[in-house]
Amino acid sequence: QVQLVESGGGLVQPGGSLTLSCTASGRTFQTFRMGWFRQAPGKEREFVARISRNGATTSYTDSVKGRFTISRDNAKNTVYLQMNSLKPEDTAVYYCAASAAFYGSDKDNAYDYWGQGTQVTVSS
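Predicted, not measured: the structure shown is a model, and the values here were computed from it.

*Asks:* Requested: an account of the state of the cysteines, with residues and values cited.
*Replies:* On inspection of all chains with the given rule, the structure shows one disulfide. The disulfide that involves Cys22 links it to Cys96, with 1.9 Å between the sulfurs. Across the S-S bond linking Cys22 and Cys96, the dihedral sits near 45 degrees, which makes this disulfide right-handed. You can see Cys22 sitting in strand β3 (residues 18–24) and its partner Cys96 sitting in strand β9 (residues 92–99), a full 74 residues away along the chain. A single burial state applies to Cys22 and to Cys96, both of which are buried.

If you want it as structure tokens, here you go:
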């Protein structure tokens, strides 16, 4: 079992920046591909970003490309999501997730463990 805990959410003005962190329990963090998802009220959960086990490969949904950066520090069992140029439509609960799948995926059913979520609100 893997436990994931997100932090760093909050209220930010449009155009501002915020960095989310997700820390995993145990010593198996480097065996998992990691992803970030988000869910706004009344909307389905959507893929945001993912990163390979060694951090060499990343992928993003089109709406955040050029604005968000996913990274990881395996020594700290932590994955990050740096969010710049934030827009009101980025407002959502953000979840980190861990996948034991062989290939990276933007489908939520490929992820085995999920954090509790952290609220990000972008508003003036």
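Once you've had a look at it, read on.
*Asks:* Kindly report on the environment of Arg38, identifying the contributing residues and their values.
*Replies:* Its location among the elements puts Arg38 in strand β4 (residues 33–39). Overall, Arg38 belongs to the buried group, its relative accessible area being 5%. It is 14 Å that separates the C-alpha atoms of Arg38 and Ala98, two residues lying 60 residues apart in sequence. In this structure Arg38 touches Glu44, Arg45, Glu46, Val48, Ser63, Val64, Phe68, Glu89, Asp90, Ala92, Val93 and Tyr94, once residues within four positions along its chain are discounted. For Arg38, the side chain forms a polar contact with the side chain of Ser63, separated by 3.4 Å. Polar side-chain contacts of Arg38 include one of 2.9 Å to the side chain of Tyr94.

*Asks:* Talk me through the side chain of Arg67; I want residue IDs and the actual numbers.
*Replies:* Along the chain, Arg67 falls in the loop between β6 (58–60) and β7 (68–73). By relative accessible area, which is 10% here, Arg67 ends up buried. For Arg67, the side chain forms a polar contact with the main-chain oxygen of Ser85, separated by 3.0 Å. Dropping the residues within four chain positions of it, Arg67 is found in contact with Gln82, Met83, Asn84, Ser85, Leu86, Lys87 and Asp90.

*Asks:* Please set out the nonpolar core residue by residue, giving values where relevant.
*Replies:* Counting residues in hydrophobic clusters, the biggest one holds 29 residues, and the most contacted among them are Leu4, Met34, Trp36, Phe68, Leu81, Met83 and Tyr94. Contributing elements (two or more residues each) for this core: β3, β4, β5 (46–51), β7, β8 (78–83), β9 and β11 (118–122). Excluding residues within four positions of it along the chain, Leu4 makes contact with Cys22, Thr23, Ala24, Met34, Cys96, Ala97, Ala98, Tyr113, Trp114, Gly115 and Gln116. Residues Phe37, Ala97, Ala110 and Tyr111 belong to the second largest nonpolar core, which totals five residues.

Analysis parameters
- Residues numbered from 1 in each chain as written.
- Predicted model: local features only at pLDDT ≥ 70, side-chain atom pairs only at ≥ 80, totals over all residues.
- Heavy atoms only, no water.
- Disulfide = S-S within 2.5 Å.
- Helix = DSSP H or I, 4+ residues; strand = E, 2+ residues; numbered from the N terminus.
- Buried < 20%, exposed > 50% of the residue type's maximum accessible area, 1.4 Å probe, protein only.
- Contact = heavy atoms within 4.5 Å.
- Polar contact = N/O pair within 3.5 Å; in protein donor to acceptor, adjacent residues only side chain to side chain.
- Core = buried A, V, L, I, M, F, W, Y, C linked by side-chain atoms within 4.5 Å.

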